[in-house]
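# Results of the structural survey
Listed here are the chains, written in short residue letters.
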Amino acid sequence: MSKHEFKTEVSQLLDLIIHSLYSHKEIFLRELVSNASDALDKLKYLTLTDEAFKGVAFDPRIDIRFDKEAKTLTVSDSGIGMSEEDLVDNLGTIANSGTRKFLAQIKPGAAIDASLIGQFGVGFYSIFMVAEKAEVVTRKAGGEAAFRWTSDGKGGFDLEPAGRDKAGTDVTLHLNEEGVEYAERWSIESIVKKYSNHIPFPIFLHYAEEKDKKKTEKTEQINSASALWKRPKNELKEKDYFEFYKTITHDTEDPFHYVHTHAEGALQYTTLFYIPKKAPFDLYYMDYKPGVKLYVKRVFITDDEKELLPPYLRFVKGVIDSDDLPLNVSREILQKNRVMVNIRAASVKKILSELAALSVDKEKYAAFYREFRKPIKEGLYQDFSNRDALLELVRWKSSTEEGLVSLSEYKQRMKPDQKAVYYVTGENEETLRRSPLLEMYKAKDVEVLIMDDEIDEIVVPAIHTYKDVELKAVNRSDAAEDLKTDEDKQSEKEIDSVVKRMGQVLKDEVKEVKASSRLSDSPSCIVVDSADPTIQMQHLLKSMGQKDLPDFKPILEINPKHPIVKKLEDVKDDAVFEDATRLLFEQALLIEGVELKAPAEFNKRLNRALERAL
């Protein structure tokens, strides 16, 4: 017998599992059955595609036995099994890097939801919620040796040779006081039906039935063992779809929506896609786990292929089953395979069309959009071929309307002579709503879209137009030109001398000083040239590590009708004029969230202005 210590991450995870409170301890059985199903899937695939395994007998089944008096529960499978090395790798370390991120976010002593466990490939360890000791006896297909892994879930595990007639794995739990309740026929059956009814292999429950004081050993299949996605839609109820969703995702909630498609013709395939109610834990991880499983003629191929759907649809869960792909398809072939490319394209269109149909119900769609708006927006620059469909799905806040609005709704409300869809981007909704940049649009009752997601700054400028109408950012110098009247242009000309004088004062800080009738209440604002990145984009690029950005100078616009600006025309003292000019510039910078380069000098100027005013 050899003794092994758990790796640090495993010990940390086990401590969390054992000492945290759970609302769903029953999850352990779901995880054991899921692991057994995976082992059967792997062996089935190898017996069909690998010459070395084609001679291996494949009799797929999962067996569950229990003994209440002995306080044991055993889950057995006839799957691929494990070697000694596999046992150390799979049960002694954590292979999924996402688990480390998961652990890093859990505070010591905090309770965590057991439904998260299965999302990180570490579901096996949930057994220690209900077991004081676990034994795993396993033999790898094609091998002669069997091994026993034993652990109490505390410091480490023991490994030793064992006996097993055939390939497969037995997991025996020695139940603790909290786990004894699961050594019951009805308890096991209800959990299997709840979580694992659609596992595509038979699950047999072994139990003793007492009648007339005689005990008879019984064996009964307790799951349907059918590929639900292959069944006709008219045979299925919503409950069936929801149960299957929970089986494949380990989610404890019902899905937000599902779409089931049987395609026949040049290509024959079936898809069953689900949209969760809540965003997955790893939605914004680079190493997110894909949610779609690929089958070929009901044979499981992979659940770790990110090319099955585009990255912006990574929140979608479900199944793709093709009749036209070879069983031994590799990932490299999969990414270039014309059949898979066509299935992917059709699947994306179907999902987007379903979302478009859902968007008719504004309240329901808003619930979806709260969770998944950023991935949908990502699609606008990732998926040019579906951009038109995605443009109908994006929503933003509005300067004139309650709730979220679509581009289609905005276009319908445009003024007869309005030439563009106007929007403003930034980090804070309230700051944007109070921005001086919106004053002209409010005065003329022109709607402006309020875009306060960081991703908007990247995505929206790349859209350019919506149904032949230009999208214009109001924080660019040319955005207000369309709305100017002849009177506005005349008032701007009247302060040319002030503009030139201010330009001399700020010649090193700004690209230009100009009069602008976009302002009504505020004396000044800053905008950027049409070719330069916005202030928000510059902040975003710097936060992403681009420290060597060139110095893009803003444009200072001043309000020709504001009392402060009008009084500047009569100021003869150069020092007073310079103070006022710089204060107008610096307050405009502060409103846009720009950090002042010399805050001490700003304070001195402000104090001088206050002293003169008092």
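What this report covers is the structure whose coordinates are included nearby. Every value quoted in this text rests on a predicted model; they were computed, and no experiment measured them.

## Describing the pattern of salt bridges
Considering all chains together, one arrives at 44 salt bridges under this definition. With its nearest N and O atoms 3.9 Å apart, the salt bridge here joins R185 to E189. Highlighted residues: R185 and E189, both in helix 5 (residues 185-195), separated by four residues, approximately one helical turn. Judged on exposure class, the residue R185 and its partner E189 are both buried. Where E509 meets R582, a salt bridge forms, and the shortest distance between an N and an O atom there is 3.3 Å. Here R582 lies in helix 19 (residues 574-591) and E509 lies in the loop between helix 16 (496-505) and strand 20 (512-515), a separation of 73 residues in the sequence. Take R582: its relative accessible area is 16%, and that puts it in the buried class. Via salt bridges that share partners, K133, E135, R148 and E160 belong to a single interconnected network.

## Section: a nonpolar patch on the surface
Side chains of L606, L610 and L614 sit close together on the surface and give an oily, nonpolar patch of about 340 Å² of accessible area. Structurally, L610 can be placed in helix 20 (residues 599-613). For L610, a relative accessible area of 46% puts it in the partly exposed group.

## Notes on the sheet that holds strand 13 (residues 299-302)
If you walk across this open sheet you meet the five strands as 10-11-14-12-13, and the pairing is mixed. Two strands in the sheet have a free side with no partner beyond their single neighbour: strand 10 (257-263) and strand 13. Strand after strand, the sheet turns through a mean of 20 degrees between neighbouring axes, direction not considered.

## Some thoughts on the nonpolar core
If you look at the biggest cluster of nonpolar residues, it comprises 75 residues, and the most contacted ones within it are F315, L355, F368, Y422, Y441 and L449. In terms of residue count, helix 8 (residues 338-358) provides more of this core than any other element does, eight residues in total. Counting 42 residues, the second largest nonpolar core, distinct from the first, contains L91, L175, L205 and I222.

## Comments concerning the packing of helix 19 against helix 20
At a closest axis distance of 10 Å, the pairing of helix 19 and helix 20 adopts a crossing angle of 120 degrees. What the angle tells us is that helix 19 and helix 20 run oblique. As for the relative orientation of helix 19 and helix 20, their crossing is left-handed in sense. On helix 20, the residues touching V576, D579, R582, L583, E586 and L590 of helix 19 are F602, R605, L606, R608, A609 and R612. Its residues assigned to classes, the contact of helix 19 with helix 20 comprises six nonpolar, no polar and six charged.

## Some words on the pairing of strand 21 (residues 524-527)
Residues S524 and I526 line one face of strand 21 and the alternating positions C525 and V527 line the opposite face, and both faces are buried. By the bridge criterion, four bridges tie strand 21 to strand 22 (residues 555-558) in an arrangement that is antiparallel. Of the residues in strand 22, the one forming a bridge with S524 is I558.

## Notes on the packing of aromatic side chains
The tally for this structure, following the rule as stated, stands at 17 aromatic pairs. Plain terms: the ring middles of Y245 and Y274 are 5.0 Å apart, the flat faces sit at 45 degrees to each other, and that makes the pair tilted. Highlighted residues: Y245 in helix 6 (residues 238-249) and Y274 in strand 11 (residues 269-275), separated in sequence by 29 residues. Where Y258 meets Y274, the ring centres are 6.2 Å apart and the plane angle is 50 degrees; that geometry is what we call tilted. One end of the pair, Y258, is in strand 10; the other, Y274, is in strand 11, with 16 residues separating them in the sequence. Residue Y258 is classed as partly exposed on the basis of its relative accessible area of 22%. Taken together, the ring pairs connect F256, F315, Y365, F368, Y369 and F372 into an aromatic cluster.

## Details of helix 15 (residues 486-493)
The complete set of buried residues in helix 15 reads D488, S491 and E492. Along the long axis of helix 15, the arc covered by the buried residues comes to 105 degrees, so they all point the same way. Away from the buried face of helix 15 by more than 90 degrees, exposed residues D486, E487 and K493 are located. Check the buried side of helix 15 and you find it contacts helix 16 and strand 20.

## Digging into the packing of helix 2 (residues 27-49) against helix 5
Remark: helix 2 packs on helix 5, axes separated minimally by 10 Å, with the N-to-C direction vectors making an angle of 65 degrees. With respect to the hand of their crossing, helix 2 and helix 5 are arranged in right-handed fashion. Facing helix 2, whose interface residues are I27, L29 and R30, helix 5 presents I188, I191, V192 and Y195. Among the residues making up the contact of helix 2 with helix 5, the classes are represented as six nonpolar, no polar and one charged.

## Considerations on the sheet that holds strand 8 (residues 203-211)
Taking strand neighbours across the sheet as the criterion, the nine strands line up as 1-6-5-4-7-3-2-8-9 in an open arrangement whose pairing is mixed. One side of each edge strand has no neighbouring strand; the edge strands of this open sheet are strand 1 (2-5) and strand 9 (214-221). Each strand of the sheet is rotated relative to its neighbour by a mean of 20 degrees, with strand direction disregarded. Relative to strand 5 (residues 146-151), strand 4 (residues 131-139) runs antiparallel, the two sharing six bridges. Looking at strand 5, one finds that V137 is bridged to R148. Strand contacts of helix 2: strand 2 (62-67), strand 3 (72-77), strand 7 (168-175) and strand 8, with the helix running at about 145 degrees to strand 2, the strand carrying the most contacts.

Basis of the calculations
- Residues numbered from 1 in each chain as written.
- Predicted model: local features only at pLDDT ≥ 70, side-chain atom pairs only at ≥ 80, totals over all residues.
- Heavy atoms only, no water.
- Salt bridge = Lys/Arg side-chain N within 4 Å of Asp/Glu carboxyl O.
- Helix = DSSP H or I, 4+ residues; strand = E, 2+ residues; numbered from the N terminus.
- Buried < 20%, exposed > 50% of the residue type's maximum accessible area, 1.4 Å probe, protein only.
- Patch = residues over 30% accessible without salt bridge, like charges linked within 9 Å, V, L, I, M, F, W, Y side chains within 5 Å.
- Areas by Shrake-Rupley, 256 points an atom, 1.4 Å probe, with all protein chains shown as cover.
- Pairing = 2+ DSSP bridges.
- Axes fitted to C-alpha atoms, helices over the stretch in contact; angles between N-to-C directions.
- Core = buried A, V, L, I, M, F, W, Y, C linked by side-chain atoms within 4.5 Å.
- Parallel < 35°, antiparallel > 145°, perpendicular 65-115°, else oblique.
- Left-handed = near helix turned anticlockwise from the far one by under 90°.
- Contact = heavy atoms within 4.5 Å.
- Nonpolar A, V, L, I, M, F, W, Y, C, P; charged D, E, K, R; others polar.
- Phe/Tyr/Trp six-rings, centres within 6.5 Å; stacked < 30°, edge-to-face > 60°.
- Arc of directions from axis to C-beta.

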